[in-house]
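The residues making up each chain are set out below.
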Amino acid sequence: MRAARRIPYVNQGIVMACTLAFVLGVPPESLAFVPAYFFGTVETAGPLPNWAVWRGLFGHVLIHSDIVHLVSNMLALWAFGGAVELAMGSLRYLLFFLLCAAAGAVVEGALAVDPMAPLVGASGAICGVMGAFLLLHPQATLGVTPGPRVPASFVVGSFLAINVAMTLMPPAPDSSLGDVAWAAHLGGFAAGMALVALFRRPGVALWSVARLSTAAKAAIYLTLVVVLLRTL
């Protein structure tokens with residue numbers, strides 16, 4: 001008898017929750033993470049021990065600024081999240097996702113130029129999922145069948161490189177790229193790659209250095225290219 005196929009219910013639930021929040025028009029201020037309220041400013045001491053601040057630390061993943069923001073995040077979560085959930089188990093994956101979200105928010109808040117700027121979107125947590133996927137499935141490929149497939153390590157490595165470059169050399173605040181939470185992405189990546197060993201199911205194998213060569217090369221090359229272009 002063939003074993004029953006496991007379904008990543010939590011990952012699918014997160015996709016549906018984010019989509020529903022967008023369709024219903026949930027007010028951003030109700031769930032956004034505001035660094036000034038968490039860390040404290042001259043006017044407000046932090047971390048504030050109230051529900052609104054802690055709700056924003058995790059709830060900001062449900063809010064997306066526009067349809068492009070939502071669709072791009074949900075496609076990435078759909079592509080990478082299911083495999084990570086199956087490697088961890090549903091409850092552990094949910095906790096992992098929330099911890100990556102919190103890590104991304106805290107890093108973004110610590111480096112924010114404007115601590116009153118609200119942070120919304122699931123991209124920090126999704127970057128944690130991508131980092132975990134890279135360590136769990138370094139030889140996986142992405143694509144639509146029939147059609148060409150691309151090494152997942154190249155996709156993740158390239159995206160990581162762009163975030164490193166943009167964090168080291170921030171774009172102008174008035175540009176469209178200035179609104180992207182690059183540091184939150186890096187915080188999520190770091191948390192995901194650090195936590196995956198703790199949250200994976202017993203017996204689930206992790207990466208070897210040799211198998212991550214594609215991601216390493218992509219990250220190094222693309223970082224150098226982006227930094228060079230931004231200095232011209």
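Under an unreviewed UniProt entry, the protein chain has the name Rhomboid family intramembrane serine protease and belongs to Azospirillum himalayense. As recorded by UniProt, the Subcellular location (unreviewed entry) comment attached to the protein chain reads in full: "Membrane".

Draft legend 1. Main features of the overall build of the protein chain. On a plain count of helices and strands, the protein chain comes out with nine helices and two strands. Tracing the protein chain from N to C terminus, the helices and strands come up as α-α-α-α-α-α-β-β-α-α-α. In the protein chain, which comprises 232 residues, the share counted as buried stands at 40%. A separation threshold of at least 6 residues defines the contact pool for the protein chain, and within that pool the share at least 24 residues apart is 78%.

Draft legend 2. Examining the UniProt feature "transmembrane region" (unreviewed entry) in the protein chain more closely. Taken from the UniProt record, the annotation "transmembrane region" (unreviewed entry) applies to residues 56-81, 93-113, 119-138, 150-168, 180-199 and 206-229. Segment residues 56-81 splits into 73% helix and 0% strand. End C-alpha atoms: 22 Å apart. For the annotated span residues 119-138, helix accounts for 70% and strand for 0% of the residues, and the straight-line distance between the end C-alpha atoms is 30 Å.

Draft legend 3. Structural context of the nonpolar core. Core analysis: the largest hydrophobic core is formed by 36 residues, its most contacted members being Leu77, Val84, Tyr93 and Phe96. Ranked by residues supplied to this core, first place goes to helix 6 (residues 123-136) with 10 residues. Every residue in contact with Phe96, bar those within four places of it in the chain, is listed here: Val84, Met88, Gly128, Val129, Ala132, Gly192, Leu195, Val196 and Phe199. Formed by nine residues, the second largest nonpolar core is a distinct cluster that contains Phe38, Leu57, Leu119 and Ala184.

Draft legend 4. Structural view of the side chain of His69. By the secondary structure assignment, His69 is in helix 4 (residues 67-88). Setting aside anything within four residues of it in sequence, one finds His69 in contact with His64, Val120 and Gly121.

Draft legend 5. Inspection of the state of the cysteines at higher detail. Applying the stated criterion to the full structure yields zero disulfides. Note on Cys127: no disulfide assigned, nearest cysteine sulfur contributed by Cys100 at a separation of 9.5 Å.

Draft legend 6. Summary view of the packing of aromatic side chains. For the structure shown, the criterion picks out seven aromatic pairs. Seen from their ring centres, Tyr93 and Phe97 are 6.3 Å apart, and the 45° between their planes marks the pair as tilted. In this pair, Tyr93 and Phe97 are both assigned in helix 5 (residues 90-111), four residues apart and thus about one turn of the helix distant. Neither Tyr93 nor Phe97 differs from the other in exposure class; each is buried. Feature note: the residues Phe33, Phe38, Phe39 and Trp54 constitute an aromatic cluster, connected by ring pairs.

Draft legend 7. Layout of helix 3 (residues 51-59). Regarding helix 3, the residues found buried are Val53, Gly56, Leu57 and Gly59. Against the buried residues of helix 3 lie helix 2 (35-39) and helix 5.

Draft legend 8. Geometry of the packing of helix 5 against helix 8 (residues 182-199). Running from amino to carboxyl end, helix 5 crosses helix 8 at an angle of 145°, the nearest separation of the two axes being 7 Å. Along this stretch, helix 5 crosses helix 8, giving a crossing that reads as right-handed. Along its contact with helix 5, which presents Arg92, Leu95, Phe96, Leu99, Cys100, Ala103, Gly104, Val107, Glu108 and Leu111, the element helix 8 presents Trp182, Ala183, Ala184, Gly187, Gly188, Ala191, Gly192, Leu195, Val196 and Phe199. For the contact of helix 5 with helix 8, a count of residues per class yields 14 nonpolar, four polar and two charged.

The rules we used
Residues numbered from 1 in each chain as written. Predicted model: local features only at pLDDT ≥ 70, side-chain atom pairs only at ≥ 80, totals over all residues. Heavy atoms only, no water. UniProt positions renumbered as here; feature names shortened; annotations may be inferred. Helix = DSSP H or I, 4+ residues; strand = E, 2+ residues; numbered from the N terminus. Buried < 20%, exposed > 50% of the residue type's maximum accessible area, 1.4 Å probe, protein only. Contact = heavy atoms within 4.5 Å. Core = buried A, V, L, I, M, F, W, Y, C linked by side-chain atoms within 4.5 Å. Disulfide = S-S within 2.5 Å. Phe/Tyr/Trp six-rings, centres within 6.5 Å; stacked < 30°, edge-to-face > 60°. Axes fitted to C-alpha atoms, helices over the stretch in contact; angles between N-to-C directions. Left-handed = near helix turned anticlockwise from the far one by under 90°. Nonpolar A, V, L, I, M, F, W, Y, C, P; charged D, E, K, R; others polar.

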